[in-house]
Amino acid sequence: MTTQAIAIQDNPIDWKRILFLLIGLALFFIVNFSPPWPDAIDPTGKHFILSKEAKGALAVFLLGGTWWVFEVVPIGITSLTIGVLQVLFLIRPAKDAFTDFMTPSVLFIFASLIIGMVFTKTGLTRRLAYRMLMIVGEKTSMIYLGCFVVTAALAHIMAHTAVAATMYPLLITIYQMYADDDTPTNFGKGLFIGMAFVAGAGSIITLLGAARGAVAIGFYKDIIGKEISFFELSYYMFPIGWAMVFILWGFFMIFLKPEKKTIPGLREKARHLSQAMGKITRKEIIVAIIVFTCILVMSLRSFVPILKPVDKTAIILISTILFFILGILDLQDLEAIPWNIILLFGGAMSIGFCLWQTGAAEWLAIGWLTLFKNAHWFVFLMSIAFFVMIMTNFIMNVAAIAISLPVALVIAPYLGVAPEVILFASLVTAGMPFLLLVGAAPNAIAYDSGQFTTGEFFKYGIPASVLLMAIVAISVFFIWPIMGMPIFIKEYL
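Notes on the structure follow. Numbering of residues starts from 1 in every chain and runs along the sequence as written. Only residues with pLDDT of at least 70 get local features here, since the model is predicted, and only at 80 or more are side-chain atom pairs given and counted; chain-wide, interface and lining totals rely on the full set of residues. As a rule here, side-chain values cover all heavy atoms of the structure and leave hydrogens and water aside.

Attention now moves to the overall build of the protein chain. Helix numbering and strand numbering both begin at the N terminus, where a helix is a DSSP run of H or I of at least 4 residues and a strand a DSSP run of E of at least 2. Each helix and strand in the protein chain was counted, giving 24 helices and 2 strands. For 493 residues, the compact-globule formula gives about 23 Å, and the C-alpha radius of gyration of the protein chain, at 23 Å, lands near that figure. With the C-alpha coordinates aligned to their principal axes, the bounding extent of the protein chain is approximately 70 × 70 × 45 Å. The classification of residues rests on relative accessible area computed with a 1.4 Å probe and restricted to protein chains. Under 20% of the type maximum is buried, over 50% is exposed, and intermediate values are partly exposed. Taking all 493 residues of the protein chain together, 56% fall into the buried category. We call two residues contacting when some pair of their heavy atoms lies within 4.5 Å. Look at the contacts in the protein chain between residues 6 or more apart in sequence, and 79% of them connect residues 24 or more apart. With the radius of gyration taken over C-alpha atoms, the globule rule is written as 2.2 Å times the number of residues to the power 0.38.

This is how it looks when you write it as structure tokens:
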């Protein structure tokens, strides 16, 4: 057999990959070059035209979504394709399409990944992991629960991106005590996908978990003229967020039940390894001080007026700069950063802004929500929550809320629905994008573990999203009315 024949035999053609690559391209060309689409018409009769550029944005959106889910090329390369298509087909100028790859949000993710790297390099991660395992014990079900509870709790006081970056190396250490190598297992999939999911659940509870809450509340105040306080948001979101944490724990115990019920001798092993590390080192102390100072300052932005104008990205990037100045990190560490994840989020920001700036996202929102303008109030409310949930998997959750809330708040009075319940239902689903990696930074950070594919994330995200919608329905019918939230206009007035 010739060398060429052996090479062909060793590398069989991946027909599934080629099929979905072609499906993505077909969707792009069909939508981009199709005849003009009908206008979207809002409840006041105003027409929203889908321009050629907006139709092109939808075409790129479909290609990107297909390639991301089925991972026909590395996820970072799909992101580059998103930028290139915008420029080649004159959807947006190169300056706009490619500048979005380095927005403050992308740099925030970069800084968060650096923090995770530093925690691992200095040994802080191992120290924390051993302490946690000594507390939760040897049952894998309790390890799941312990990791999920800590993740959700941290997301109350710091951005869920930073939480994921902090928890990621800790989970890597825990997993290394479960398996002998990096081969994917049910426990590994559940541990990392679960961390991403519960980071979102924890982040909806306070304004510190993500920017979406503050932006939505400000938007709500401008439209309705009523202010939602920090504590009012937490009051209504607390039972929903924590209910989702425990539901997701049960979900992963069913769908990704660990292969081992216990890890015999784990607690003793963790205790022994913790003792072997000795006393906390000077570098660990410096890292802890830098990181938690940055977190404290970012948290105080909501309460200290002088700090509000300072963007959180600049604050967290200070930590990156200090790590290199103090010699904690070096050039080799900089080169080891997972740029595939950075590019993933660069592409997500680019397609998000593309849909927003071309008017495609607004056209989608109005077209979708006006379908339900004569529906039962509950169907209408759930349609809003569903739309936000789907859109937040593709574009920034802030943008998903911003394009849907105005339309929803215009339609709501005709159906007798109070504006407050629309706001909170939207915020719940905006915080938990369970379908695509680009929906939230914790999803992408978890993916770096190598424990699951984008297709597997999508597969488990579907039933998790169904559970989320069920929780929204239960909240609207039972939980929020009991807590005093007005559901109907007559109660609101």
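Let's pick the thread back up.
Another point: the layout of surface pockets. Grid points spaced at 1 Å over the protein atoms alone were grouped into cavities, where a 1.4 Å probe fits but cannot get out, and pockets, open sets with protein on both sides within 12 Å along at least five of seven lines, with lining residues defined by an atom within 4 Å of a point. Grid points are joined across faces, edges and corners, and a volume is the space filled by probe spheres set on the points. By volume, the second largest pocket is sized at about 250 Å³. Contributing to the lining of the second largest pocket are F61, W363, L364, G367, W368, F386, F387, I390, M391 and F394. When residues of the lining of the second largest pocket are traced back to their parent elements, those giving at least two are helix 18 (360-369) and helix 19 (377-391).

A few words on the side chain of T151. For T151, the location among the structural elements is in helix 8 (residues 140-154). Overall, the relative accessible area of 0% leaves T151 in the buried class. Look past the residues within four positions of T151 in its chain and what remains in contact with it is V163, M167, M195, V198 and A199.

With that settled, the discussion passes to the packing of aromatic side chains. The description of an aromatic ring pair rests on the distance of the ring centres and on the angle between the ring planes. Here a Phe, Tyr or Trp ring, Trp counted by its six-membered ring, pairs with any other such ring whose centre lies within 6.5 Å, and the pair is stacked when the planes are under 30 degrees apart, edge-to-face when over 60, and tilted otherwise. Throughout the structure, instances matching the rule amount to 35 aromatic pairs. Ring geometry for F28 and F29: centres 5.1 Å apart, planes at 80 degrees, overall edge-to-face. On the basis of an interplanar angle of 40 degrees and a centroid distance of 4.6 Å, the ring pair of F378 and F477 is categorised as tilted. Placement of the pair is F378 in helix 19 and F477 in helix 23 (residues 454-483), with a sequence separation of 99 residues. For F477, a relative accessible area of 42% puts it in the partly exposed group.

Structurally, T185 can be placed in the loop between helix 9 (160-176) and helix 10 (186-203). Under the relative-accessibility criterion, T185 is labelled buried at 15%. Any N or O atom pair separated by 3.5 Å or less is treated as a polar contact, with the protein-specific requirement of one donor-capable and one acceptor-capable atom, and with residues adjacent in sequence counted only for side-chain atom pairs. At a separation of 2.9 Å, a polar atom in the side chain of T185 contacts the side chain of Y175. Beyond its immediate chain neighbours, meaning those up to four positions away, T185 contacts Y175, Y178, E259 and Q451.

Moving on to the environment of V31. Here V31 lies in helix 2 (residues 15-32). In this structure, V31 is in contact with W37, K55, L58, A59 and L62, ignoring residues within four places of it in sequence.

Tracing the sequence through the fold places W480 in helix 23. W480 gets classed as buried once you look at its relative accessible area, which sits at 0%. Taking C-alpha positions, W480 is 9.7 Å from F424, a pair spaced 56 residues apart along the chain. Apart from the residues lying within four places of it in its own chain, the contact partners of W480 are Y236, I240, V421, F424, A425, V428, S475, M485 and I487. Among the polar contacts listed, one links the side chain of W480 to the backbone oxygen of Y236, at a separation of 3.0 Å.

What follows is about the packing of helix 6 (residues 104-122) against helix 9. Here the axes come from fitting lines to C-alpha atoms, over the contacting stretch only for helices, and the angles between their N-to-C directions go from 0 to 180 degrees. In the contact formed by helix 6 and helix 9, the axes pass within 8 Å of each other and the chain directions differ by 25 degrees. Judged by the inter-axis angle, helix 6 sits roughly parallel to helix 9. Helix 9 is crossed by helix 6, and the crossing has right-handed handedness. Facing F108, I109, S112, L113, G116, F119 and T120 of helix 6, the residues of helix 9 in contact are T161, A162, A165, T166 and P169. Angle categories are assigned with fixed cut-offs, so that under 35 degrees is roughly parallel, over 145 is roughly antiparallel, 65 to 115 is roughly perpendicular, and the rest are oblique. Rotating anticlockwise by less than a right angle from the far helix to the near helix defines a left-handed crossing, while the corresponding clockwise rotation defines a right-handed one.

The phi torsion at E71 lies on the positive side, around 45 degrees, for a residue other than glycine. Of note, E71 is situated in the loop between helix 3 (52-70) and helix 4 (75-88). Of the residues examined, E71 reaches a relative accessible area of 26% and is grouped as partly exposed. We note that L90 has phi near 55 degrees; this positive angle belongs to a residue other than glycine. Position of L90 among the secondary structure elements: in the loop between helix 4 and helix 5 (94-99).

It is worth spelling out the pattern of salt bridges at this point. By salt bridge we mean one thing: a side-chain nitrogen of Lys or Arg within 4 Å of a carboxyl oxygen of Asp or Glu. Enumeration over the complete set of coordinates arrives at 8 salt bridges. Put simply, D100 and R92 hold a salt bridge, and the shortest N to O gap is 2.7 Å. Residue class for D100 comes out buried when judged on its relative accessible area of 8%. Because the salt bridges share partners, they merge into one network encompassing K121, D330 and D333.

Our next topic: helix 21 (residues 419-430). Helix span is expected to be 1.5 Å times the residue number reduced by one. Compared with an ideal rise of 1.5 Å per residue, which puts 12 residues at 16 Å, helix 21 spans 17 Å between its outermost C-alpha atoms and is within 8% of the ideal. Within helix 21, 12 of the 12 residues are buried, which leaves the element mostly enclosed by the surrounding structure. Buried within helix 21 we find P419, E420, V421, I422, L423, F424, A425, S426, L427, V428, T429 and A430.

With that out of the way, let us pick up a nonpolar patch on the surface. A cluster of nonpolar residues, I13, W15, I18 and L22, forms a patch on the protein surface that exposes about 430 Å² of accessible area. Checked against the element boundaries, I13 lands in the loop between helix 1 (3-10) and helix 2. Judged by its relative accessible area of 53%, I13 is exposed. To count toward a patch, a residue needs a relative accessible area above 30% and no salt bridge. Like charges then connect within 9 Å, nonpolar side chains (Val, Leu, Ile, Met, Phe, Trp, Tyr) within 5 Å. Here the accessible surface of atoms and residues is derived via Shrake-Rupley with a 1.4 Å probe, and residues count as covered only by protein chains that are part of the display.

Let's shift gears to the environment of A129. Along the chain, the position of A129 falls in helix 7 (residues 124-136). When the C-alpha positions of A129 and S274 are compared, they lie 9.0 Å apart, and in sequence the two are 145 residues distant. In this structure A129 touches L170, T173 and I174, once residues within four positions along its chain are discounted.

A word on the packing of helix 4 against helix 17 (residues 339-358). In the contact formed by helix 4 and helix 17, the axes pass within 7 Å of each other and the chain directions differ by 35 degrees. In this structure, helix 4 meets helix 17 at a crossing whose hand is left-handed. Residues I75, G76, S79, L80, I82, G83 and Q86 of helix 4 pack against N340, I341, L343, L344, G347, S350, I351 and C354 of helix 17. Only Asp, Glu, Lys and Arg are considered charged, only Ala, Val, Leu, Ile, Met, Phe, Trp, Tyr, Cys and Pro nonpolar, and every remaining residue, Gly among them, polar. The class makeup of the residues in the contact of helix 4 with helix 17 is 8 nonpolar, 7 polar and no charged.

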